[in-house]
Amino acid sequence: MLDPSSSDDTGGESDPEVAREPATKADGSLSLKPGAESRADGSRQRQHTAPLKQGQPATAAAGDGHSAHQNLRGGSTGEEEERRERERVQREEEEHKVQLQIYVFVLRCIAYPFNAKQPTDMARRQQKVNKQQLQAARERFQAFLNGETQIAADEAFCNAVRSYCEGFLKSERVCRMVQSGSCSANDFREVFKKNIERRVRSLPEMDGLSKETVLSSWLAKYDAIYGGDEDAWRRRRRGGQRPHLGGAAAAELILSKEQLYEMFRLVLGVRKFEHQLLYNACQLDNADEQAAQIRRELDGRLQLVERIAKERRCPELASGDAELYVEELRSSVNLLMANLESLPVSKGGADFKQKLKRSSAGSTFLDLGDDVDVLSKADVSLSFALEVVIVEVQGLKSLAPNRIVYCTMEVEGGEKLQTDQAEASRPQWATQGDFVTTHPLPCVKVKLFTESTGVLALEDKELGRVLLEPTANGPKQAQFQPMQVPKNSQDPELRIKLAVRMDKPPNMKHSGYLYALGHRVWKRWKRRYFVLVQVSQYTFAMCSYRKKKPEPQKLMQLEGYTVDYCQPQPGLQGGAVFFNALREGDLVVFACDDEQDRLLWVQALCRATGQSYKPAPPPHANRRKADTPASPISLDPCERQGVEELVSASPCRLDHTRLFGILQKQTLRHRMNDSFSCLGWFSPGQVFVLDEYCARYGVGGCQRHLSYLKELMDLSENNTLVDPTLLHYSYAFCASHVHGNRPDGTGTVTLEEKEQFQAVRTRLMRLLENHITHFRYCFPFGRPDGALKATLSLLERVLMKDVSTPLGSEEMKKVLRRCLEKAAAVNYGQLLDFANWKAGAKRLEDAVRLAELVVEVLQQNEEHHAEAFSLWPELMREHAEHFLALYRLDLDLALEAQPVDSWSSFPLFQLLNGFLAADAQLCDGPFHKHLQDAFVPLVVRYVDLMESSIAQSVHRGFQQETWHSVKNGSATSEDLFWKLNALQMLALELDWPEPAFAEHLQRRLKLMAGDMTEACVKRTKSAFDAQLQKVSKWTELRVPPCACTMLNVVADAKRRCPELCALDTGQETDTQWQHYHSKIDVLIDNAFQDMISALVAKLGAVLDAVLSKLSRYDEGTLLSSILSFTVKAAAKYVEVPKSGADLADAYVTFVRQNQDILREGIGDELCIEKIFDQWYSVSTKAVCVWLEDRLDLQLHVYQLKSLIKMVKKGYRDFRLQGVADGTLNGKSYVTVYNRLTVEEATLAVKAGHALDGVSMRDSDQDDD
């Protein structure tokens, strides 16, 4: 239960519609005399212009009289403001009286319904998201992106959240949704769900993980991020009691009577005490009285119908006649009578209680009346601490001075205490006795005794006594009290000075004697002792006590009561000043003898009831009637004229159409201001009361829906989101009624209804066109779901001339086309404002940023709004083209400002072309073609410049080339191929939409690549040939690194040629192009083969030189004999190297080192294999030919040893380099191997160990 102060009594807002209606007399409408409402909401503060004080500076007044003129104007202005203030106060009072009269009818509808029931099938509304919650959501998602949470997520989910934050949470349109009160947490979740569904669909399939599982996981993580600390709260609450629901939450459930009373009290701005007065005056708790009231109302309506029929006073009719109108009025009254007759006689209100079951949401601020726990007498317990202090006794003269006296004290029903003994000459004690009692009115007995001197005396003699009845409000200081003495006492003036202090317990708030008279308790006007007891923080009780009784005789729980001052009541004897306590079904009048006591009682009771209405004491408490009434509705029973006028007003004499319009307007305002995103839908309780009001007081369905349409359109025009379904339903009802389809069984149509319908139709048409024009802002991100589609459906319904003639498609298209053309201009203007675009801006960066926003807007339109326009896709295409046409002007300005040789605008083309090409409706559209026309010259110019630049770089590069190895070639070749590849990749990324130009661009780039590659290969081959001319022809020859680099360049060109110079598969249909491409391939292959052959020939020439040197040892030559003799003679004196070791070793070293150089310097493995294969084949063939030339000669030992070592180690080295076995064991090698084996065997027979272990046999040993 909330604090009692939460039910603030605030007046309703001023209603200009009511203010325009003049107040009428009792003959047909309201007759409430104006009065001051200072008791209800405090004295109204009127603004008065303060006069100029004496002594103030008068500089401005000294002059030519201008200041005096200003003073006169100021005085007139002050009077004007005061007059306006009086008019405003009077207007508000009149409006409040009208609302009170409406509230009377509403109370009766709630108390005894017999036509309507609370609907149970209405869609449940979601809680609103306010600004604070939006900011909290932004902070939570930003904290997640910053890694400040414990929620684990992958990169894809983080990207989705980042897109959601940037595109939705930080959007200005979301702020507008929140401000309009039409945004709920469910809307936030649905937008995120739609976003991730699109993302997850684009992900590739994963084994063992379905996309539905990914969606569920992402939504769970979203809930964890959005909920924040609230989820922990929910988990804590889940194990305990159910969370408490506030009044707004209870409003969505089935409400009880008390809850409906409270709701409409707030709707109409009725104060609490006014509700209590009207409740009692209408006798809402009396079902019989309510049924009788209905019968009186129906009888009055029948009499009015007969009078209309007799006087033929019916409104102007646009359809039907007067007889039909009267018959329909009779039928409506007869239907009400039948409904009333169908109710059981013994039920009524009880039956309503059975229908309106209380919600299980727990106790709320609407819980009143019978649901409050009833206190018992045992719940009210008090405990008092009493202090009795006996000071002295005076008037004791009959006793001897030396006699002993003492006093006793006791509280009724408690223990007895005794003072010390004292002599009769000085009976003083100052003794205190402490007691505890539960009696609010205890009885304290104090007795004076003297000791008996007689032998047979059993008890001491009592000299006197005093009986006191203290209260918590009694005096605290010691006073003399006369004592009762025995009959034969000689001290008749005996008195005792004592003090009785009774402390007030904490739960006792006030006490005292009052006269009281009530309906339920204290039904006799009698003086009683009352105590205001606090049972708990929210529960107080007014209790009456008797003497010597610990429990109250009667008690009244104060919850729901309103306390106020009142005038003395006639016929009640006793009490000088009066006040009362009022609630539904009860009125208790109190009186006391002192004005100050009344003031204290009223203040204490106001604090106990928690009422926001603060009573003000009347200026003259001793007068029966005040000079001016405190309020048209006062708590004073002597001033009930306003209440009686409200209660006794005849419903059939009032304009209920106007009154219902006010009621519906106030109810809708109250509904739109609660915590639910209702979009204009009433709560079930509100629908029930409005239905009952219309049925009971004859408000026509057409008038009801016309009023509803006006209010909804007012809200919508003020940027509050309203569900178009509501507008559609109300408009369809009114249209059917006006066109004679009798949706509510009424066949007559008044001229006023028809005129109002036409005005509403015109206004609704403008509103719908405005909504469609601003569809991005009226329905941001497609929320509420289906609202835009419902708006289009309603527009089609409004355009229909009647309910039977269908609307032509062209007429609907014409209206939509006009709206969407305006929407393009509106959206683009908003986009320029968002981007801070300056008129005439020419910066390319700004144009790219604007293009990104344009693409984003069109994508959002497709994602969130295209479905609503699914019946008119061509209109959305036209809208997009209009939107792009507006951007086209700014695009052209930005392109014209770019330099001629600049290609920085290509990313802009890629952005726009990528979006347009992917959209089937915008591809090859007007804007897309204009974009191509604008960029064709730029692309052609760029290709021309690049071709010239590449040609120049090739020419200069090869002139200055150092032939150092860079990646797969040289610096010039790498730069060339990178530029060619980058240029072709740019062409691919442009993704030119026109096939002819795209093919032309590709062919040109391929031709350029072919020409540049050809130039590169030719220059490389020329440099290679020149380099080989410089190398040695002996075993000192080492392949230069630059030659390897040149081979790498040609190999790289051969590898890149198919990529750079060949068209895509399926495009090489031109014979000329195929011939050109094959020419490039042949050129590269020939150059590559020539370079390998030249290198192999240079390497083979070294072997030829070695063999030529070995030829000097041929048998039969003079040089051979000289060389052999020289070696033998030298061997006698010095150590001579083994024969054949120097020349063979030099050649073997030459082969091995060059193999290593080639292996390390050439990056193409195929090239290396070709070189080694040809080198080995050439070397083996050269040896074979040399041996064949000497078939008739026997080889010299030196020749044989050298050849064996060269052939054998060469075979092993080339095998290690990967030369295939077929090449190694070729015919030439077999011939050489056989010849050398034979020569080795022959020499072994002749000379024995002449070969020094050199042999052709396989062995792992090498002759060093």
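Starting afresh in each chain, residues are numbered from 1 along the sequence in its written order. It should be noted that, the model being predicted, local features are given only for residues of pLDDT at least 70 and side-chain atom pairs only at 80 or more, the latter also being counted only at that level, while totals for whole chains, interfaces and linings use all residues. The basis for every side-chain value is the complete set of heavy atoms in the structure, and neither hydrogens nor water enter the calculation.

Secondary structure summary: the chain contains 39 helices and 20 strands in total. Only protein chains enter the accessibility calculation, which uses a 1.4 Å probe. A residue is then buried if its area is under 20% of the maximum for its type, exposed if over 50%, and partly exposed in between. A buried classification covers 47% of the 1264 residues belonging to the chain. Residues are treated as being in contact if the distance between any of their heavy atoms lies within 4.5 Å. Once local pairs closer than 6 in sequence are excluded, the contacts in the chain between residues at least 24 apart make up 73%. For the accessible areas, the method is Shrake-Rupley and the probe is 1.4 Å, while residue cover comes only from the protein chains on display. In the form shown here, the chain has an accessible surface area of approximately 62800 Å², with 50% of it arising from carbon and sulfur atoms. Helix numbering and strand numbering both begin at the N terminus, where a helix is a DSSP run of H or I of at least 4 residues and a strand a DSSP run of E of at least 2.

Examined against the element boundaries, glycine 747 turns out to sit in the loop between α21 (724–738) and β20 (749–750). The class of glycine 747 is buried, set by a relative accessible area of 11%. The sequence separation of glycine 747 and tyrosine 325 amounts to 422 residues, and the corresponding C-alpha distance is 8.0 Å.

Patch membership needs two things, relative accessible area over 30% and no salt bridge, and members are linked within 9 Å if like-charged or within 5 Å if nonpolar (Val, Leu, Ile, Met, Phe, Trp, Tyr). In the sections that follow, a salt bridge refers to a side-chain nitrogen of Lys or Arg positioned within 4 Å of a carboxyl oxygen of Asp or Glu. Counting rule for charge: Lys and Arg are taken as positive, Asp and Glu as negative, and neither His nor the chain ends is counted. Think of each charge as sitting on NZ of Lys, CZ of Arg, CG of Asp or CD of Glu. Taken together, the side chains of Glu316, Asp655, Glu752 and Glu755 present a region of like negative charge at the surface. As for its placement among the helices and strands, glutamate 316 is situated in the loop between α13 (287–311) and β2 (317–319). In this structure glutamate 316 comes out as exposed when scored by relative accessible area, which is 59%.

A few words now on the nonpolar core. Note on terminology: a nonpolar core comprises buried Ala, Val, Leu, Ile, Met, Phe, Trp, Tyr and Cys residues joined through side-chain atoms within 4.5 Å. Counting 122 residues, the largest nonpolar core has Tyr887, Leu1158, Ile1171 and Leu1236 as the members making the most contacts within it. In terms of residue count, the dominant contributor to this core is helix α33 (residues 1071–1110) (14 residues). If sequence neighbours within four positions are ignored, isoleucine 1171 has contacts with Leu1047, Ile1092, Leu1095, Val1096, Leu1158 and Ile1162. Within the second largest apolar cluster, 93 residues are counted, among which are Cys109, Phe757, Ala787 and Leu807.

Another point: helix α37 (residues 1197–1216). In a regular helix each residue adds 1.5 Å, so 20 residues correspond to 28 Å; α37 covers 29 Å between its end C-alpha atoms and thus fits that length. Counting buried positions along α37 yields 17 of 20 residues, so the element is predominantly enclosed. Remark: glycine 1218 follows α37 within two positions and exhibits a positive phi of approximately 100 degrees. What a helix should span is 1.5 Å times the count of its residues minus one.

Turning to its location among the elements, aspartate 846 is positioned in helix α26 (residues 844–865). The partly exposed category is assigned to aspartate 846, whose relative accessible area is 27%. C-alpha separation for the pair aspartate 846 and alanine 894, spaced 48 residues apart in sequence, amounts to 8.6 Å.

Here the axes come from fitting lines to C-alpha atoms, over the contacting stretch only for helices, and the angles between their N-to-C directions go from 0 to 180 degrees. Where helix α30 (residues 971–990) contacts helix α32 (residues 1041–1061), the two axes come as close as 11 Å, and the packing angle between them is 5 degrees. Judged by the angle between their axes, α30 and α32 are roughly parallel. Across the interface between the two elements, Ser973, Glu974, Phe977, Leu980, Asn981 and Gln984 of α30 pack against Val1049, Asp1052, Ala1053, Arg1056, Glu1059 and Leu1060 of α32. Under this grouping Gly is polar, as are all residues other than the nonpolar Ala, Val, Leu, Ile, Met, Phe, Trp, Tyr, Cys and Pro and the charged Asp, Glu, Lys and Arg. Each residue belonging to the contact of α30 with α32 can be placed in one class, and the counts come to five nonpolar, three polar and four charged. To sort the angles, those under 35 degrees are grouped as roughly parallel, those over 145 as roughly antiparallel, those from 65 to 115 as roughly perpendicular, and the leftovers as oblique.

Let us look at the sheet that holds strand β11 (residues 495–503). What holds strands together in a sheet is hydrogen bonding between their backbones, with the strands either parallel or antiparallel. In spatial order, the strands read β7-β3-β11-β10; together these four strands make up an open sheet with antiparallel pairing. Edge positions in the sheet fall to β7 (428–437) and β10 (479–482), since each of these pairs with one other strand and no more. Taken pair by pair, the neighbouring strands of this sheet meet at an average axis angle of 35 degrees, ignoring direction. Of the strand pairs in this sheet, strand β3 (residues 384–394) and β7 are connected by eight bridges, and their pairing is antiparallel. If you follow valine 389 over to β7, its bridge partner there is glutamine 432. Here the rule is simple: two strands pair whenever DSSP picks up at least two bridges between them.

Let's shift gears to unusual backbone geometry. Cis peptide bonds are those with omega within 30 degrees of zero, and the linkage from arginine 783 to proline 784 qualifies with -10 degrees. Among the secondary structure elements, proline 784 is positioned in the loop between α23 (775–778) and α24 (787–799).

Next up on the list: the packing of aromatic side chains. Pairing of aromatic side chains requires ring centres within 6.5 Å, counting the rings of Phe and Tyr and the six-membered ring of Trp. Pairs whose planes differ by under 30 degrees are stacked, by over 60 edge-to-face, and all others tilted. Tallied over the full model, the rule gives 44 aromatic pairs. Centroid distance tyrosine 1147 to phenylalanine 1150: 5.7 Å. Interplanar angle 40 degrees. Geometry classified as tilted. Of this pair, tyrosine 1147 and phenylalanine 1150 both sit in helix α35 (residues 1141–1161), separated by three residues, roughly a single helical turn. Both residues of the pair, tyrosine 1147 and phenylalanine 1150, belong to the buried class. Put simply, the rings of Phe141, Phe144, Phe157, Tyr164, Phe168, Phe188, Phe192, Trp218, Tyr222, Tyr226 and Phe781 pair up and form one aromatic cluster. Distance and angle both matter: a charge sits over a ring if NZ of Lys or CZ of Arg is within 6 Å of the ring centre and within 35 degrees of the ring normal. The ring of phenylalanine 480 has arginine 495 lying over it, and the distance from NZ or CZ to the ring centre is 4.3 Å.

With 21 residues, helix α14 (residues 322–342) extends 30 Å between its outermost C-alpha atoms, agreeing within 8% with the 30 Å of an ideal straight helix rising 1.5 Å per residue. Listed as buried for α14 are Ala322, Tyr325, Val326, Glu328, Val333, Leu336 and Leu340. For α14, the arc enclosing every buried residue in end-on projection is 160 degrees, short of the 170-degree limit, so these residues lie on one face. What points out from α14, more than 90 degrees from its buried face, is the exposed set Glu323, Leu335, Glu341 and Ser342. Tucked inside the fold, the buried residues of α14 contact α13, β2 and α19 (684–697). Summarising the geometry, the arc corresponds to the directions from the helix axis toward the C-beta atoms.

On to the pattern of salt bridges. Taken as a whole and assessed by the stated rule, the structure comprises 48 salt bridges. Put simply, arginine 313 and glutamate 311 hold a salt bridge, and the shortest N to O gap is 2.4 Å. Put simply, glutamate 462 and arginine 465 hold a salt bridge, and the shortest N to O gap is 2.7 Å. Here glutamate 462 falls in the partly exposed class, since its relative accessible area comes to 25%. Here the salt bridges share partners, and the residues they tie into one network are Glu80, Arg83, Arg84 and Glu87.

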